[in-house]
Amino acid sequence: MRRALAKLTAKQLAMYPEYQAPTARLARYFKVRPEELLLTNGGDDALRVFFDTFVEAGSGIQICEPTFPMYRYYAEIYGARISALRYGSEMEFPLESVIAELRKKPRVLFLANPNNPTGTLFGFEELEKILRAATHTAVVMDEAYAEFSGFTAVPWIRKFPHLFVARTFSKVAGLASLRLGAVIACKESLALVRRAMPPFPVNLAALVAAEAAVNDRVTMQAYVSEVQRLRPWLAAELQKLGVRSFPSAGNFLFANFGPAGPALSRKLEKQGILLRERTRDMGPGFVRISIGTPAEMKKLLKAIRKEWKAPA
Ligand SMILES: Cc1ncc(COP(=O)(O)O)c(C=O)c1O
């Protein structure tokens, strides 16, 4: 990937980017046609476009919390009415409430699948029920972590024109700094979103790096396999220490350290280990732990053993 970036010439850098050829090649990665793929400036922007396309002040949008905070963030900026449902106490997806709430005809339903931070994943059966209930709603499946879950709604875009899939190259391809995301939908629906896009939303370095990443399937697959191997192992190790974690389909685990959690996070931070705290919205001790290398995970467990005691 860095070799591909180093090959960029001064002439290429001086020119506005050309999207047709890279889009065609990246479309192959997602197994869609080029006209079904819209490249965006990161995954965040692959979400913002729905506000430009479908939302005006006072429009309803639907989300399930806790989730990725950008849906709420954009909704507040655009003055949308937010209907926020909750994941269950076992972090289960609130399917029945989502379906009931769709009767109010929100403009857009945002679903992170797998969900960040809970790791919750639902499958085709739930998705089909949602799509059939969403008679007046654009359904945005935010699949930032799809590669780690093995599930994607992409094959359904032609069957359901109100289905939009948002993807990112930040996670599995490790390109967070270059900002490349994508919206995938059937040609006609994607044309609506395209209309709201500026002419050059994506930079050439991001395109070159993303192509190099998807061409190196071996590296990407090795990373996914490593995450899938370490995920249950870390959950089991945490359980031995008395720490509750929830089944996750992402490259992270959602765990609950209880009331002593915030103090533990502060101690770990001093050792350079960062846990993503969710105390504020979930209660004390809830954290999202990214799955790193085996050495990083061992270091984390060692630090937890030293700094934390399960309540008796
Ligand atoms: C669920 C979800 N969607 C989208 C994104 C945005 O990704 P990007 O870094 O490409 O903006 C993230 C990043 O954490 C995420 O967790």
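Cut-off values and rules
- Residues numbered from 1 in each chain as written.
- Predicted model: local features only at pLDDT ≥ 70, side-chain atom pairs only at ≥ 80, totals over all residues.
- Near = placed C-beta within 6 Å.
- Nonpolar A, V, L, I, M, F, W, Y, C, P; charged D, E, K, R; others polar.
- Pairing = 2+ DSSP bridges.
- Helix = DSSP H or I, 4+ residues; strand = E, 2+ residues; numbered from the N terminus.
- Contact = placed C-beta atoms within 7 Å.
- Axes fitted to C-alpha atoms, helices over the stretch in contact; angles between N-to-C directions.
- Core = buried A, V, L, I, M, F, W, Y, C linked by C-beta atoms within 7 Å.
- Buried ≥ 20, exposed ≤ 12 C-beta atoms within 10 Å, placed from the backbone.
- Domains from an automatic or database assignment.
- Left-handed = near helix turned anticlockwise from the far one by under 90°.

Caption draft 1: Molecular detail of the site of the ligand. Around the ligand sit Gly42, Gly43, Asp44, Phe68, Ala112, Asn116, Asp142, Ala144, Thr168, Ser170, Ala176 and Gly181, and that is every residue in its neighbourhood. When its residues are assigned to classes, the shell around the ligand shows 4 nonpolar, 6 polar and 2 charged.

Caption draft 2: Focus on the sheet that holds strand β11 (residues 286–290). The sheet built from 4 strands is open, its strands ordered β8-β9-β11-β10 with antiparallel pairing. A strand with exactly one partner marks an edge of an open sheet, and here the two such strands are β8 (244–246) and β10 (276–277). For β8 and strand β9 (residues 252–256), the ladder comprises 3 bridges, and the chain directions are antiparallel. Bridge assignment links Arg244 to a residue of β9, and that residue is Asn256. Helix α11 (residues 217–240) rests against β8 and β9 of the sheet, and its axis sits at about 15° to β9.

Caption draft 3: Spotlight on the nonpolar core. Counting 86 residues, the largest nonpolar core has Phe50, Val139, Val140, Phe164, Val165, Val183 and Ala210 as its most contacted members. Taken together, domain 1 (2–215) and domain 2 (218–307) each give at least three residues to this core, which thus spans both.

Caption draft 4: Broad picture of the domain arrangement of the protein. Parsing the protein into structural domains produces domain 1 (2–215) and domain 2 (218–307). A separation of 26 Å is found between the C-alpha centroids of domain 1 and domain 2. Listed by partner, the interface residues are 16 residues for domain 1 and 19 residues for domain 2. The element contributing the most residues to the side of domain 1 that touches domain 2 is helix α8 (residues 146–149), with 3 residues.

Caption draft 5: Representation of the sheet that holds strand β3 (residues 81–86) in the model. What the 7 strands build is an open sheet, ordered β1-β7-β6-β5-β4-β2-β3; its pairing is mixed. Two strands close off the open sheet at either side, each with one partner strand: β1 (37–40) and β3. Across this sheet, the average inter-strand angle for adjacent strands is 20°, counted without regard to direction. In this structure, strand β6 (residues 163–168) lies alongside strand β7 (residues 181–184), joined through 4 bridges in antiparallel fashion. When the sheet's bridge partners are listed, Ala166 is paired in β7 with Val183. Against the sheet, helix α3 (residues 20–30) contacts β1 and β7, and its axis sits at roughly 110° relative to β1. Docked against the sheet, helix α9 (residues 187–194) engages β1, β6 and β7, running at close to 25° with respect to β1.

Caption draft 6: Structural detail: the pairing of β3. Two elements, strand β2 (residues 60–65) and β3, share 6 bridges in a ladder whose sense is parallel. Paired with Cys64 across the bridge in β3 is Leu85.

Caption draft 7: Layout of the environment of Leu5. With respect to the helices, strands and loops of the structure, Leu5 is situated in helix α1 (residues 2–6). Judged by C-beta crowding, with 14 C-beta atoms within 10 Å, Leu5 ranks as partly exposed. The spacing of Leu5 and Ala206 is 201 residues in sequence and 8.9 Å in space, taken between C-alpha atoms. Look past the residues within four positions of Leu5 in its chain and what remains in contact with it is Ala205, Val208 and Ala209.

Caption draft 8: Examining the pairing of β1 more closely. The side-chain alternation of β1 yields two buried faces, one formed by Leu37 and Leu39 and the other by Leu38 and Thr40. Pairing between β1 and β7: 4 bridges, direction antiparallel. Looking at the pairing, Leu38 lines up with Val183 of β7.

Caption draft 9: Spotlight on the packing of helix α4 (residues 43–54) against helix α5 (residues 70–78). At a minimum axis distance of 10 Å, the contact between α4 and α5 shows a crossing angle of 35°. For the element pair α4 and α5, the recorded crossing hand is right-handed. On the side of α4, the interface is formed by Asp44, Leu47, Arg48 and Phe51, while α5 contributes Met70, Tyr71, Tyr74 and Tyr78.

Caption draft 10: A look at the packing of α3 against helix α10 (residues 204–215). Contact pair α3 / α10: the axes reach a minimum separation of 10 Å and the direction vectors enclose 35°. Every pair of crossing elements has a handedness; the one defined by α3 and α10 is left-handed. Residues Pro22, Arg25, Leu26 and Tyr29 of α3 touch α10, and the partners they reach there are Leu207, Ala210, Glu211 and Val214. For the contact of α3 with α10, the class distribution of residues is 6 nonpolar, no polar and 2 charged.

Caption draft 11: Here's a closer look at unusual backbone geometry. The omega torsion of the bond from Glu65 to Pro66 falls at 5°, within 30 degrees of zero and hence cis. Turning to its location among the elements, Pro66 is positioned in the loop between β2 and α5. Looking along the chain, the bond that leaves Asn116 and enters Pro117 is cis, with omega of 15°. One non-glycine residue with positive phi stands out, namely Arg179, at about 65°. Looking at the secondary structure, you find Arg179 in the loop between β6 and β7.

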